[in-house]
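# Understanding the architecture of this molecule
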Amino acid sequence: MKTQKDIILFLIHIPVAFLFTAVFAQSDSSSSVVVAGYNISAPAGSSVLLQCVSGRMVWTRDRVRDRQRVLHWDLYRAGPDYAMERVVDMFSAGDQRVYNSYNLGRVSLSQKAFKDGNFSLVIKDVTMNDRGLYSCNLHHLYCHLYETIRIQLNVTKSRRKEQRFWDGQKAVYVVLLGSTVVLPCINRRNVWTDWSNEEEDQQVVHWDRQSPGIRHDRADRLVDLYASGEQRSYGPLFLQRKMNISNQAFAEGDFSLTISDLQPTDQGKYSCHLHHHYCGLHERREFQVMVEPPVIQPTLPAKALPSADKDTTKAESPRIINVILPDQRHHFLMPLGYVLTSFLLLAFIILIIILITRRRRTKGHYPTPQFDLRWFV
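With an unreviewed UniProt entry as reference, the protein is termed Matrix remodeling-associated protein 8, source organism Xyrichtys novacula. In its Subcellular location (unreviewed entry) section, the UniProt entry covering the protein states "Cell membrane".

What follows is the structure, encoded as structure tokens:
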């Protein structure tokens, strides 16, 4: 029977990696990270689209899913050409491929790498040609995950110079010439070491809505979507009819929400939650929706309806409208003629007035005749 002291000692010796993995998985499953936020305004009565798209949530059935996880070690030489060389790669099915014939039998990986999460590279009989920057690259094509660990390998002839340290960016290994070295690359997350046969139950998308003044943990659930095709809608029936998500959401990775007949009561914060438990994806996109006054459409005059006795099957005869435009030259000379006529008439009147005035003046200055009696003698 274990004593309390033994239990404490057992807990102390739990590997740190195991604790980190457990805490990481718990934090992923209980929370989501906000990756985007949008402010959207639309008039009342219109339709609004809240876009929520993620290629990592696309669900496909793949019979060769073991080929979707791959490990490869690369070497970057600091030599004159700074070339990159592929050392070895390995698929989750266990197949290994060594690229340089010189490394056959010298470099190797554990056959249980994708079961125990130990992807370390073993190099036997180290030579000066093995120096360089090594990178352990893990690719998960299904989950769109890419992880890399880098290790600098230096070779020395003196046993006193052997050491391992961290330079602030990567681990540095200084090993003895001719020895065997293990370049560590350990990742025990379930996404690299296990494959579930029920992926559709591990992918779920749900939409929430927070009314103004309501906290996030009290948001109303609108809809749940599962990769299996199941969809659950919540709330009143009229609210469910207003909101629509594509039936091909998981096939296309498009989980956008369409809200029709937008009303002031629809205002609030909408959240699109994406959860892929197998891939460790927990994301949230938030949309602050504001409703503006409706757009008033201008009133159009009523059109006369065609008479019932009119045969609409017959084509109407073309209507011809004759428009007579005045000659541009005559149109210009007519006002000019009026002006000239008025000017001549005015001149004629002035001339008559002058002649009458002169004549009257002439009569006023005519000498009075004098009679002489001698004329009659």
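### Describing the pattern of salt bridges
Using the criterion set out here, one finds 14 salt bridges in the structure. A salt bridge links D266 to K242; the shortest N-O distance between them is 2.4 Å. Pair noted here: D266 is in the loop between β17 (257–259) and β18 (268–276) and K242 is in helix α5 (residues 237–242), with a separation of 24 residues, a long-range link. A relative accessible area of 4% means that D266 is categorised as buried.

### A look at the state of the cysteines
The tally for this structure, following the rule as stated, stands at 3 disulfides. Covalent S-S linkage joins C52 and C272, the inter-sulfur distance amounting to 2.0 Å. Between C52 and C272, the S-S dihedral sits near -75°, and the bridge is therefore left-handed. Of the two residues, C52 sits in the loop between β2 (48–50) and β3 (69–76) while C272 sits in strand β18, which places them 220 residues apart along the sequence.

### Re the nonpolar core
Among the nonpolar cores identified, the biggest contains 33 residues, and W73, F119, L121, I123, Y134 and L183 are the most heavily contacted of them. Here this core takes 4 residues from strand β9 (residues 145–156), the largest share from any one element. Setting aside residues up to four positions removed in sequence, Y134 forms contacts with W73, D74, L75, V87, L121, I123, I149, R150, I151, L153 and L183. The next biggest cluster of nonpolar side chains, apart from the first, holds 29 residues, and it includes M57, V205, W207 and I245.

### Brief notes about the confidence of the model for the protein
Here the protein shows a mean pLDDT of 78. Residues at 70 or above account for 74%. Note that residues 1–30 has pLDDT below 50 and, in this model, 7 contacts with residues that lie over four places away or in other chains.

### A closer look at the environment of R69
Structurally, R69 can be placed in strand β3. The buried category is assigned to R69, whose relative accessible area is 5%. Once the C-alpha coordinates of R69 and S92 are considered, the two residues, 23 residues apart in sequence, prove to be 5.6 Å apart. At 3.1 Å, the side chain of R69 forms a polar contact with the backbone oxygen of W192.

### Considerations on unusual backbone geometry
For D125, which is not glycine, the phi torsion reads 50° and is therefore positive. Tracing the backbone through its elements, the reader meets D125 in the loop between β7 (121–123) and β8 (132–140). In this structure, H144 is a non-glycine residue whose phi angle is positive, near 60°.

### Side note on a nonpolar patch on the surface
A surface patch of nonpolar side chains, amounting to about 550 Å² of accessible area, comprises L345, F348, I349, I352, I353 and I356. Among the structural elements, I349 can be located in helix α7 (residues 328–364).

Each value, and the rule that gives it
Residues numbered from 1 in each chain as written. Predicted model: local features only at pLDDT ≥ 70, side-chain atom pairs only at ≥ 80, totals over all residues. Heavy atoms only, no water. UniProt positions renumbered as here; feature names shortened; annotations may be inferred. Salt bridge = Lys/Arg side-chain N within 4 Å of Asp/Glu carboxyl O. Helix = DSSP H or I, 4+ residues; strand = E, 2+ residues; numbered from the N terminus. Buried < 20%, exposed > 50% of the residue type's maximum accessible area, 1.4 Å probe, protein only. Disulfide = S-S within 2.5 Å. Core = buried A, V, L, I, M, F, W, Y, C linked by side-chain atoms within 4.5 Å. Contact = heavy atoms within 4.5 Å. pLDDT = per-residue confidence, 0-100. Polar contact = N/O pair within 3.5 Å; in protein donor to acceptor, adjacent residues only side chain to side chain. Patch = residues over 30% accessible without salt bridge, like charges linked within 9 Å, V, L, I, M, F, W, Y side chains within 5 Å. Areas by Shrake-Rupley, 256 points an atom, 1.4 Å probe, with all protein chains shown as cover.

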